[in-house]
Every structure is written in structure tokens, then in C-alpha cells.
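Tertiary structure, described
This is what each chain is made of:
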Amino acid sequence: MRKRTQFTRRRLLAAALGLAALPARADEQPAASPDKISQAAAAYQPTPKGMFSCAVCTFFIKPKSCKVVDGEVSPTGWCKLFDMVD
């Protein structure tokens, strides 16, 4: 005998969220790094903010990348996610 699947609000919401995460078209590619945010969303700027710059941020990865911001990041740049190294 087959067990009958119950449709609950939780399962319906989970399915809807799963479908919403799919690309709108088959030829559309998902974001390159889903765990990173765009430079625009991070308010990234290629210049430092005072004495604060990407080079002294905990998220900066030498020579030109970041753990949380997508794309190439300048060591002299800055964004609102800046976190000073302790």
C-alpha cells in the first residue's frame, strides 16, 4: 500500500520557494556566487572611506577578491560590509 502525501501549508510554501529560486527562463544562468552579494547591494566604491579600505577588512582575500562581495575588489576600495581586523 502506498502512503498518501499530505499537503500542508509548510510543504506548499517550501515548494513555492523552491520554484521561485529557479531562473525565469531556461537559458538564464543563476548568479555566479549565490553566497556573495553584488557590489551595488554592498554599496562598494573603488576608493577608501577615510582610513578604512578593503585591504584591512576581515573579508578581503588578496590580491583582488572578497569573501562576501561578488566580483573584483580593489584593496583601496570600501563597502558598507567593512569589518576591521581585530
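Relevant structure appears above.
Below or above, wherever it landed, is the structure these notes cover. In this text the structure is predicted, and so the values were computed from the model without any measurement.

**Looking at the overall build of the chain**
- The number of helices and strands found in the chain is one helix and two strands.
- When the helices and strands of the chain are read in sequence order from the N terminus, they spell out α-β-β.
- Every one of the 86 residues in the chain was classed for burial, and the buried ones make up 16%.
- Residue pairs at least 24 apart in sequence account for 66% of intrachain contacts in the chain once pairs closer than 6 positions are excluded.

**A few points about the environment of Asp35**
- Relative to the assigned elements, Asp35 resides in the loop between α1 (9–20) and β1 (60–61).
- By relative accessible area, which is 64% here, Asp35 ends up exposed.
- Residues Asp35 and Val68, 33 residues apart in the sequence, show an inter-C-alpha distance of 7.2 Å.

**Topic: the packing of aromatic side chains**
- Throughout the structure, instances matching the rule amount to one aromatic pair.
- Look at Phe52 and Phe82: their rings are 5.1 Å apart centre to centre, the planes differ by 50°, and that puts the pair in the tilted class. One end of the pair, Phe52, is in the loop between α1 and β1; the other, Phe82, is in the segment after β2 (65–66), with 30 residues separating them in the sequence.
- Take Phe52: its relative accessible area is 31%, and that puts it in the partly exposed class.

**Some details on the pattern of salt bridges**
- Following the criterion strictly, the structure yields one salt bridge and no others.
- The residue Glu72 makes a salt bridge to Lys64 at a minimum N-O spacing of 3.9 Å.
- On the basis of relative accessibility, which here comes to 57%, the residue Glu72 falls in the exposed class.
- A relative accessible area of 44% means that Lys64 is categorised as partly exposed.

Definitions and cut-offs
- Residues numbered from 1 in each chain as written.
- Predicted model: local features only at pLDDT ≥ 70, side-chain atom pairs only at ≥ 80, totals over all residues.
- Heavy atoms only, no water.
- Helix = DSSP H or I, 4+ residues; strand = E, 2+ residues; numbered from the N terminus.
- Buried < 20%, exposed > 50% of the residue type's maximum accessible area, 1.4 Å probe, protein only.
- Contact = heavy atoms within 4.5 Å.
- Phe/Tyr/Trp six-rings, centres within 6.5 Å; stacked < 30°, edge-to-face > 60°.
- Salt bridge = Lys/Arg side-chain N within 4 Å of Asp/Glu carboxyl O.

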